Amino acid sequence: MKLFIEKDYDALSKRAASILIEEISKKEDIILGLATGSTPIGTYKELIRAHKEDGLDFSKVKTFNLDEYIGLDGSHPNSYRYFMDEHLFNHINIDKSNTHVPDGKAEDLEAYCKEYDRLIEESGGIDVQILGIGSNGHIAFNEPAEELSLGTTVVRLKESTIRDNARFFNSIEEVPKTAISMGIGSIMKARKIILLASGKNKAEIMAKLLKNDVVTTQIPASLLKLHHDVTIIVDEDAYSE
Ligand code: F6R
């Protein structure tokens, strides 16, 4: 596991983007696993800058997002499809048909989840997966639990996650209670994983993750310790404990 401790959010975003830019430059048809949330926004801004200023080419890049709220379609401002369009896809030369965000309105959710994993495999598998981390240690929406799903699945969000994510909605009641999430196995199959953590509200979970030499499904991110190519990038606030 590689650890980068950056001064602040800006430096963290530049570090993450520089790794991605290098990977995209090496493999023009790279398959990226992408996350939403506050943390990767700065990284996406840097990728947009690299596209606009340095001609970074996304025309052959494919993407798979980690998760989506159930019940929201892509035109809903709080959907993760909308988020990705706004924060990245609309500003680069990616072919939208190469971008995949789980469909929160899928009719047969179980079949859809299986199909999502199949599509990832059929595309050749994720080369680089970007992850944020929940204050409770979740990655994607794999919440702390006794058992974790390997494949993409329907998950019920924990109260703490609903509270954390309420900041994006008008009220906490509007936050969907369920989501489609890539499973731990889907994530661990990625060839390279980059986990980002920024801000004081991530300090406690990062301390638990980095200090304890254990893995536990109660901290889903700890399972990443079993992966052979994980880079963790934190800012000083997230590393402060
Ligand atoms: C988002 C996702 C989540 C977030 C996590 C951190 O697609 O899968 O696991 O990465 O909740 O969110 P932020 O970055 O908003 O603190």
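Residues numbered from 1 in each chain as written. Predicted model: local features only at pLDDT ≥ 70, side-chain atom pairs only at ≥ 80, totals over all residues. Heavy atoms only, no water.

(A) Region of interest: the overall build of the protein chain. Scanning the protein chain for helices and strands turns up seven helices and 10 strands. In summary, the protein chain has a C-alpha radius of gyration of 17 Å against a globular reference of 18 Å for 241 residues, a match within 12%. In terms of overall dimensions, the protein chain has C-alpha extents of about 45 × 45 × 35 Å along its principal axes. Of all intrachain contacts in the protein chain linking residues separated by at least 6 positions in sequence, the fraction that spans at least 24 positions is 78%. Only carbon and sulfur atoms are counted for the fraction: they give 48% of the accessible area of the protein chain, which is about 11100 Å². (Helix = DSSP H or I, 4+ residues; strand = E, 2+ residues; numbered from the N terminus. Rg over C-alpha atoms; globule rule 2.2 N^0.38 Å. Contact = heavy atoms within 4.5 Å. Areas by Shrake-Rupley, 256 points an atom, 1.4 Å probe, with all protein chains shown as cover.)

(B) Region of interest: the packing of helix H2 (residues 41-54) against helix H3 (residues 80-87). Relative orientation of the contacting elements H2 and H3 amounts to 40°, with a least axis distance of 10 Å. Overall, the two elements H2 and H3 adopt an arrangement that is oblique. Between H2 and H3, the residues in contact are Ile-41, Tyr-44 and Ile-48 and Phe-83, Met-84 and His-87, respectively. Of the residues assigned to the contact of H2 with H3, the class counts are five nonpolar, one polar and no charged. (Axes fitted to C-alpha atoms, helices over the stretch in contact; angles between N-to-C directions. Parallel < 35°, antiparallel > 145°, perpendicular 65-115°, else oblique. Nonpolar A, V, L, I, M, F, W, Y, C, P; charged D, E, K, R; others polar.)

(C) Fine view of the site of the ligand. Around the ligand lies a shell of 14 residues, among which Thr-39, Asp-67, His-138, Ala-140 and Lys-202 are the nearest. Between Asp-67 and the ligand, the recorded distance is 2.6 Å, taken from a side-chain N or O atom to an oxygen atom. The contact in question runs from an oxygen atom of the ligand to an N or O atom on the side chain of His-138, over 2.7 Å. Burial of the ligand by the protein amounts to 94% of the accessible area it has alone, namely 410 Å². Of the residues belonging to the shell around the ligand, the class tally is four nonpolar, seven polar and three charged. (Near = heavy atom within 4 Å. Polar contact = N/O pair within 3.5 Å; in protein donor to acceptor, adjacent residues only side chain to side chain.)

(D) Spatial organisation of the pattern of salt bridges. Considering all chains together, one arrives at 16 salt bridges under this definition. With its nearest N and O atoms 3.9 Å apart, the salt bridge here joins Glu-28 to Lys-60. Of the two residues, Glu-28 is situated in the loop between helix H1 (9-26) and strand S2 (31-34) and Lys-60 in the loop between H2 and strand S3 (62-65); the sequence distance between them amounts to 32 residues. Each of the salt bridges in this network shares a partner with another, and the network as a whole consists of Glu-46, Arg-49, Glu-53 and Asp-54. (Salt bridge = Lys/Arg side-chain N within 4 Å of Asp/Glu carboxyl O.)

(E) Structural detail: the sheet that holds S3. Spatially, seven strands are ordered S1-S10-S9-S6-S2-S3-S5 in an open sheet, and the strand pairing comes out parallel. The sheet terminates laterally at strand S1 (2-6) and strand S5 (99-100), the two strands that pair on one side only. Strand direction decides the pairing type here: strand S9 (residues 192-197) and strand S10 (residues 230-235), joined by five bridges, are parallel. Within the sheet, the bridge partner assigned to Ile-193 lies in S10 and is Val-230. Of the strands in this sheet, S1, S2, strand S6 (128-131), S9 and S10 are in contact with H1, which crosses S10 at around 155°. Packed onto the sheet, helix H7 (residues 203-211) meets S1, S9 and S10 and runs at close to 140° relative to S10. (Pairing = 2+ DSSP bridges.)

(F) Molecular detail of the pairing of strand S8 (residues 178-181). Burial of S8 is two-sided: the residues Thr-178 and Ile-180 facing one way and the residues Ala-179 and Ser-181 facing the other way are all buried. Judged from the four bridges that link them, strand S7 (residues 153-156) and S8 form a sheet pairing that is antiparallel. Its bridge partner lying in S8, Val-155 is registered against Ala-179. (Buried < 20%, exposed > 50% of the residue type's maximum accessible area, 1.4 Å probe, protein only.)

(G) Inspection of the sheet that holds strand S4 (residues 67-69) at higher detail. Ordered in space as S4-S8-S7, the three strands form an open sheet in which the pairing is antiparallel. Each edge of the open sheet is held by one strand with a lone partner, namely S4 and S7. Strand-to-strand, the axes of this sheet are offset by a mean angle of 30°, without reference to chain direction.

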